[in-house]
Amino acid sequence: MFLEVQHIIKSFGAEKVVKDLSFSLKAKQTLSILGKSGCGKTTMLKTIGGLLSPDSGKILLDGEDITETRPEKRNIVYLYQEDLLFPHLNAYENIAFGLRLKKIPEGLIKEKVGHMLHSLELEGQAEKMPNQLSGGQRQRVSFGRAISTNPSLLLLDEPFGSLDTGTRQRMQELFKKLTAEYDITSLFVTHDLKEAVLMGDQIGFMQNGLLTVYSDKKDFIQDPQTGVQNEIEFWGGLR
Amino acid sequence: MKTKKPNIGIVLFVAIGVVPFAAAFVYALLYSFGIIGVANQGFTLRFWESVLASGTFFKSLGYSVVIALVAVSLSVGGALWVTLKFRRQLEKRILSFVIYLPLAIPGIVTGFFTFQLFSKGGFFARISHKLGFITEASQFPDLVNDGLAVGIILSFITMVMPFFVLLFLNVYKNERIEELSILAQSLGANSRQVVHCVFLPILIRKTWVLIILYFIFLLGAYEVPLILGQESPQMLSVLIIQEIKQYDLDKISEGYVVAVLYTLLVSVAALALFLPKRKRAYAS
């Protein structure tokens, strides 16, 4: 397995936020994780990304133990709930940010960012500052910036939560296209049931700090605690 | 009614902000050319020629620029360092009060305190004497009324640095630099790169206009250099007041020449800052 998370526990004071987290994920796959607010999803992502230290447990990435590795050395990118762009940089420089840190030659940066802007359908927007872009465009730049560094693992924390329905749908399609194009392995956290089903190759459900990963989407649909059955009943009742 | 409100605002601004300033400037200009003034006998360029030839103005201007530049640089640098290292502690109520406190102290009091602390007969000189570091007052280093303007710079830092700490803390929060730093780290930035690529550019680009305005403010400061400055060269405001208040009536006109020159200089700097249309908060 490409990502192996083994018995991770994370507490804040007396409150155990993540309880015995264990799961694994194959390379180039997306695990979507459904959960309500406050169930420990963000803490789980930040722990895997190295932004929080676990109390116990182990994280293996491509066979290497990264539990103690500093976040900047993990090659794991954590994407915030909001389209958090660097306000002092234009769209081009935001996407190039990670590449510049890696001291990649200027010509290659230009090529990569140009290609990324094309993939993101953002040609002609390169010079615009974040406050001149729409919500959907900012989110796309945010994606591009994360993907351009070719991360081993992408952690997405409710990335489309602030977008309207139409933009959200377009972003979901774009995300699927980009993950396939750039061979991205990702954890996609959402509280939207439909989005969880659409985005993941595998689906997990998190509740009170405990994560259940379903081997099959059917198991996820059948499990009453995921809320899928309630949804089916609701929409069925409208007929 | 809606359209009248902005008009009243503009009228008030012109009446309170522009007219008195313009009147004072015209008065100073006329005085500097000898058109008005008790002993003046009509238009002349001799006061201007005298000021420009003596070099006192340029010496004083250079001295003021260096002092203001050093004080602003140290204050901004210090405030950035404090924000970077102690922002969590500064969010606590008592510490935030400690930062606000120096802002309430007038410049003249700060100057007086600095004099009491750092003069040859002051607090630190006495402590040094008690501890045996010096045997007489003259051995204490010149920290006030000195050529290097140590006392003036110390006072300016005491007055200005807390303001910048509060400003930077505010921008840090509003611009979400904490989250952006974590994001940069996640993209591969080490601590040094986070400071250089995220923390500094965002804070400086968001506040550079205020930094320059504070530089201009210090350039024209009066009370502190009056108490802590040396005989010559003096900072500009002190020079202007000293010239205007002299018994030699010619010197009054020369004082107005310096005042006009200083006003023109600051006005040009302010115009250069604010005239270009700033379409966005950040320059790319």
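Residues numbered from 1 in each chain as written. Chains lettered and ligands numbered in written order. Predicted model: local features only at pLDDT ≥ 70, side-chain atom pairs only at ≥ 80, totals over all residues. Heavy atoms only, no water.

1. A few points about the overall build of chain A
Condition: Runs of E in the DSSP output that reach at least two residues are strands. Runs of H or I that reach at least four are helices, and both are numbered from the N terminus. In this description the radius of gyration comes from C-alpha coordinates, and the expected globular size is given by 2.2 Å times residues to the power 0.38. To sort residues, take the accessible area from a 1.4 Å probe on protein chains only and compare it with the maximum for the residue type: under 20% means buried, over 50% means exposed, and anything in between is partly exposed. Between two residues, a contact is recorded if the distance between any of their heavy atoms is within 4.5 Å.
When helices and strands are counted, chain A shows nine helices and ten strands. The globule rule puts the C-alpha radius of gyration for 239 residues at 18 Å, and the 18 Å found for chain A is close to it. If you line up chain A on its principal axes, its C-alpha atoms span 50 × 50 × 30 Å. The buried share of chain A, taken over its 239 residues, is 54%. A separation threshold of at least 6 residues defines the contact pool for chain A, and within that pool the share at least 24 residues apart is 65%.

2. A word on the interface of chain B and chain A
To keep it simple, the criterion reads: Using a 1.4 Å probe, buried area is obtained as the accessible area two parts lose upon being combined, added over both of them. The rule for a salt bridge is simple: a side-chain nitrogen of Lys or Arg has to be within 4 Å of a carboxyl oxygen of Asp or Glu.
Across the boundary between the two partners, chain B contributes 24 residues, which contact 24 residues of chain A. Between chain B and chain A lies a buried interface of about 2200 Å² when both sides are counted; carbon and sulfur atoms form 66% of it. The tally of links from chain B across to chain A stands at one salt bridge. Between E82 of chain A and R176 of chain B there is a salt bridge, and its shortest N-O distance comes to 2.7 Å. For the side of chain B that touches chain A, the secondary structure elements donating two or more residues are α8 (177–186) and α9 (191–219) of chain B.

3. Section: the nonpolar core
Under the convention used in this document: The nonpolar core is taken to be a set of buried Ala, Val, Leu, Ile, Met, Phe, Trp, Tyr and Cys residues, with the residues joined through side-chain atoms within 4.5 Å.
F23, M44 and I48 of chain A together with F156 of chain B are the most contacted members of the largest nonpolar core, which has 138 residues in total. The leading source of residues in this core is helix α7 (residues 150–174) of chain B, at 14 residues. For F156 of chain B, the contacting residues outside a window of four places in its chain are I67, A71, S75, M161, L218, A221, V224, P225 and M235 of chain B. I203, F205, Y214 and V228 of chain A belong to the second largest nonpolar core, which has eight residues in total.

4. So, the environment of V18 of chain A
Residue and element names in this part refer to chain A. Looking at the element boundaries, V18 is found in strand β2 (residues 15–25). Accessibility expressed as a relative area gives 1% for V18, which makes it buried. Taking the C-alpha atoms as reference points, V18 and G63, separated by 45 residues in sequence, lie 23 Å from one another.

5. Some details on empty space enclosed by the protein
Residue and element names in this part refer to chain B. Stated formally: With a 1 Å grid spanning the protein atoms alone, the term cavity applies to any set of points in which a 1.4 Å probe fits but cannot get out, the term pocket to an open set with protein on both sides within 12 Å along at least five of seven lines, and the term lining residue to any residue with an atom within 4 Å of a point. Grid points are joined across faces, edges and corners, and a volume is the space filled by probe spheres set on the points. Residue type decides the class: Asp, Glu, Lys and Arg count as charged, Ala, Val, Leu, Ile, Met, Phe, Trp, Tyr, Cys and Pro as nonpolar, and the leftover types, Gly among them, as polar.
Summed over the entire model, instances satisfying the criterion amount to two cavities of 30 Å³ or more. Each pocket or cavity is described by its volume, and for the largest cavity that value is around 40 Å³. Taken together, Y63, I152, P225, G229, Q230, P233, Q234, M235 and V238 make up the full set of residues lining the largest cavity. For the lining of the largest cavity, the class distribution of residues is six nonpolar, three polar and no charged. Of the volumes computed, that of the second largest cavity is approximately 30 Å³. Of the residues in the lining of the second largest cavity, the class split is five nonpolar, two polar and no charged.

6. Side note on the UniProt feature "transmembrane region" (unreviewed entry) in chain B
Residues and elements named next belong to chain B. Applied cut-off: UniProt positions are given in the numbering used here, feature names are shortened, and annotations may be inferred rather than shown by experiment.
Following the UniProt record, one finds the feature "transmembrane region" (unreviewed entry) at residues 12–40, 60–82, 94–118, 148–172, 208–228 and 255–275. The span residues 12–40 shows a helical share of 72% and a strand share of 0%, and its end C-alpha atoms are spaced 35 Å apart. For the annotated span residues 255–275, helix accounts for 95% and strand for 0% of the residues, and the straight-line distance between the end C-alpha atoms is 29 Å.

7. Here we look at the pairing of strand β9 (residues 202–207) of chain A
Residues and elements named next belong to chain A. As a reminder of what qualifies: Two strands are said to pair when DSSP picks up at least two bridges between them.
For β9, the buried fraction is high: five of the six residues fall into the buried class. As judged from the five bridges shared by strand β3 (residues 30–35) and β9, these two strands associate in the parallel manner. Note that in β9 the partner of I33 across the bridge is G204. Direction of pairing for β9 relative to strand β10 (residues 210–214): antiparallel, over a ladder of five bridges. Note on β10: the bridge partner recorded for F205 is T212.

8. Re the pattern of salt bridges
Close approach of charged atoms allows side chains with opposite charge to pair. Scanning the model with the defined rule gives 13 salt bridges over all chains in all. The partner of K120 of chain B in a salt bridge is D142 of chain B, with the nearest N and O atoms 2.8 Å apart. With K120 of chain B in the loop between α5 (107–118) and α6 (123–131) and D142 of chain B in the loop between α6 and α7, this pair connects stretches of sequence that are 22 residues apart. A salt bridge links R176 of chain B to E179 of chain B, with the shortest nitrogen-to-oxygen separation between them at 3.5 Å. Here R176 of chain B falls in the partly exposed class, since its relative accessible area comes to 27%. Each member of the salt-bridge network shares a partner with another, and the members are E82 of chain A together with R176 and E179 of chain B.

9. Describing the packing of aromatic side chains
Note the threshold: Pairing of aromatic side chains here covers Phe, Tyr and the six-membered ring of Trp, requires ring centres within 6.5 Å, and sorts the geometry by plane angle: under 30 degrees stacked, over 60 edge-to-face, intermediate tilted.
Tallying each qualifying case throughout the model produces 23 aromatic pairs over all chains. Ring centres 5.4 Å apart and planes at 25° place the aromatic pair F143 of chain A and F175 of chain A in the stacked group. One end of the pair, F143 of chain A, is in helix α5 (residues 135–148); the other, F175 of chain A, is in helix α6 (residues 165–181), with 32 residues separating them in the sequence. Taken as a pair, F143 of chain A and F175 of chain A share a single burial class, namely buried. Their ring planes at 75° and their centres at 5.3 Å tell us that F123 of chain B and F124 of chain B sit as a pair that is edge-to-face.

10. Observations concerning a negative patch on the surface
Residues and elements named next belong to chain A. Cut-off, in case you're wondering: A patch consists of residues whose relative accessible area exceeds 30% and which take part in no salt bridge; residues with like charges are grouped when within 9 Å of each other, and nonpolar side chains (Val, Leu, Ile, Met, Phe, Trp, Tyr) when within 5 Å. In these tables, accessible area is a Shrake-Rupley quantity obtained with a 1.4 Å probe, and a residue counts as shielded only by the protein chains included in the view. Residues scored as charged are limited to Lys and Arg (positive) and Asp and Glu (negative), so that His and the chain ends carry no count. One atom stands in for each charge, and that atom is NZ of Lys, CZ of Arg, CG of Asp or CD of Glu.
Taken together, the side chains of D62, E64, D65 and E68 define an acidic patch exposed on the protein surface. Here D65 is to be found in strand β5 (residues 64–65). A relative accessible area of 38% places D65 in the partly exposed class.

11. What to know about the environment of A259 of chain B
Residue and element names in this part refer to chain B. You can see A259 is positioned in helix α12 (residues 249–274). For A259, a relative accessible area of 15% puts it in the buried group. Sequence spacing of A259 and L239 is 20 residues, and the spatial spacing of their C-alpha atoms is 9.3 Å.

12. Quick word on the packing of α9 of chain B against α12 of chain B
All names here are of chain B. As a reminder, the rule being used: Axis geometry follows a simple rule: fit a line to the C-alpha atoms, using only the stretch in contact for helices, then measure angles between N-to-C directions, giving values from 0 to 180 degrees. Angles are sorted into four bins: roughly parallel if under 35 degrees, roughly antiparallel if over 145, roughly perpendicular if 65 to 115, and oblique for all others.
In contact at an axis separation of 11 Å, α9 and α12 are set at 175° when each is read in the N-to-C sense. The angle between α9 and α12 falls in the class roughly antiparallel. Only Y262, V266, A269, L273 and F274 of α12 make contact with α9, whose side of the interface consists of W208, V209, I212, L213, I216 and L219. Residues belonging to the contact of α9 with α12 are distributed by class as follows: eleven nonpolar, no polar and no charged.

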